[in-house]
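# Geometric and topological summary
One letter stands for each residue in the lines below.
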Amino acid sequence: MADTRFQTQVRTQSRAEIDQGLRSYMLGVYNYMSLGVAVTAIIVLATYTIPALGAVTNVLALPAMLGLIAMGFFAPRLLLGGSVARAHIVYWAYVALWGIGIAPMVNRYLGIDPSMVMTAFLSAALTFGAMSLWGYTSKRDLSGMGAIAGMALIGLLIAGLVNLVVAMFTGITPAAMMFSMVISFGFVIFVSLITAWETQAIKEMYADADGRESVARKSVFGAFMLYGSFISIFINILQILGFMNRE
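Residues numbered from 1 in each chain as written. Predicted model: local features only at pLDDT ≥ 70, side-chain atom pairs only at ≥ 80, totals over all residues. Heavy atoms only, no water.

## Some remarks on the overall build of the chain
Broken down by element type, the chain carries 7 helices and 0 strands. Along the chain direction, N to C, the helices and strands of the chain fall in the order α-α-α-α-α-α-α. For the chain, the computed accessible surface area is about 13,700 Å², with 71% contributed by carbon and sulfur atoms. (Helix = DSSP H or I, 4+ residues; strand = E, 2+ residues; numbered from the N terminus. Areas by Shrake-Rupley, 256 points an atom, 1.4 Å probe, with all protein chains shown as cover.)

Below you can see the structure in the form of structure tokens.
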């Protein structure tokens, strides 16, 4: 009987230690992700308040977005396959590129109505928080949903590019604006679903047997995934508000 109690106590202690490790790991993910959002906000505000920086980002915005596309292919391997220091370099470069890439658009809306940007940010934060919490607590396998949402995003991206090309030749018509708003709504919905799946996947990446360096790399990688989703939700909500406030 004494042996049974001892074994039960050991199992309980081990389970508690694993849970504590998982909480610390996820807290690291969210901390890095939040810091990334803060750095992006600082970059945007700096370019808005300092005209010279704003002029520079207007020139660098397109190269920055192209750099983000390239990082989407190579960053996962760089984040998980090297040192923790390299993972941080890649992550913060990714954050900086996003800040430069979206600065002209956000600054345009700040010039129109700063409250619109704040509303978009708070809406994105609430949406992201709710979906990430669902992904963390859900017992259901969300990988199938994530795959479907990913394919839907590819379709929306293609539709958006086609709409952009058509608008270049025909001008920005009310129909084109309405179609763009529908695409933005679709992005918010499907990126939100992907956020839940990403959170679950990041949680499942944790293993108690991982060493400290492996956990640190996974935390940065998790932040990389969630940060991109948050920014995508934010910019699309901002575009929706912009469409709705046009005269």
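What follows picks up the thread again.
## Regarding the layout of surface pockets
Roughly 260 Å³ of volume is contained in the second largest pocket. Of all the elements in the fold, those that place two or more residues in the lining of the second largest pocket are α1 (2-49), α3 (84-112), α4 (114-137) and α7 (212-244). A total of 5 residues in the lining of the second largest pocket trace back to one element, the largest contributor, which is α1. For the lining of the second largest pocket, the residue count by class is 13 nonpolar, 1 polar and no charged. (1 Å grid on protein atoms, 1.4 Å probe; cavity = no way out; pocket = protein on both sides within 12 Å on 5 of 7 lines; lining within 4 Å. Points joined across faces, edges and corners; volume = space filled by probe spheres on them. Nonpolar A, V, L, I, M, F, W, Y, C, P; charged D, E, K, R; others polar.)

## Looking at the packing of helix α2 (residues 51-81) against α7
Where α2 contacts α7, the two axes come as close as 9 Å, and the packing angle between them is 160 degrees. By the criterion of interaxial angle, the relationship of α2 to α7 is roughly antiparallel. In the crossing of α2 with α7, the sense of the turn from one axis to the other is left-handed. Residues M71, A75, P76, L79 and L80 of α2 form the contact with α7, whose participating residues are R217, K218, V220, F221 and F224. Among the residues making up the contact of α2 with α7, the classes are represented as 8 nonpolar, no polar and 2 charged. (Axes fitted to C-alpha atoms, helices over the stretch in contact; angles between N-to-C directions. Parallel < 35°, antiparallel > 145°, perpendicular 65-115°, else oblique. Left-handed = near helix turned anticlockwise from the far one by under 90°. Contact = heavy atoms within 4.5 Å.)

## Thoughts on the pattern of salt bridges
For the coordinates displayed, the defined rule picks out 1 salt bridge. With a closest N to O distance of 3.3 Å, R217 and E213 form a salt bridge. Placement of both R217 and E213 in helix α7 is noted, with a separation of 4 residues, approximately one turn of the helix. Classification of R217 as buried rests on a relative accessible area of 17%. Taking the relative accessible area as the measure of exposure, E213 reaches 43% and is therefore partly exposed. (Salt bridge = Lys/Arg side-chain N within 4 Å of Asp/Glu carboxyl O. Buried < 20%, exposed > 50% of the residue type's maximum accessible area, 1.4 Å probe, protein only.)

## Digging into a nonpolar patch on the surface
Where nonpolar side chains cluster on the molecular surface, the patch consists of L62, L66, I69, F73, F74 and L78 and spans about 680 Å² of accessible area. Its location among the elements puts L78 in helix α2. A relative accessible area of 32% places L78 in the partly exposed class. (Patch = residues over 30% accessible without salt bridge, like charges linked within 9 Å, V, L, I, M, F, W, Y side chains within 5 Å.)

## Structural notes on α7
For α7, spanning 33 residues, the distance from its first C-alpha to its last is 48 Å, which sits close to the expected 48 Å at 1.5 Å a residue. Along α7, 28 of the 33 residues are buried, which leaves the element largely enclosed by surrounding structure. (Expected span 1.5 Å × (residues − 1).)

## So, the environment of A96
Structurally, A96 can be placed in helix α3. By relative accessible area, A96 is classed as partly exposed at 26%. Along the primary structure A96 and V39 are separated by 57 residues, whereas in three dimensions their C-alpha atoms are 7.6 Å apart.

## Focus on the packing of aromatic side chains
Scanning all chains against the criterion turns up 9 aromatic pairs. When the ring of Y94 is compared with that of Y227, the centres are 5.8 Å apart and the planes differ by 65 degrees; the resulting orientation is edge-to-face. Taken together, the positions of Y94 in helix α3 and Y227 in helix α7 put the pair 133 residues apart, joining distant regions of the chain. For the pair formed by Y94 and Y227, the shared burial category is buried. (Phe/Tyr/Trp six-rings, centres within 6.5 Å; stacked < 30°, edge-to-face > 60°.)

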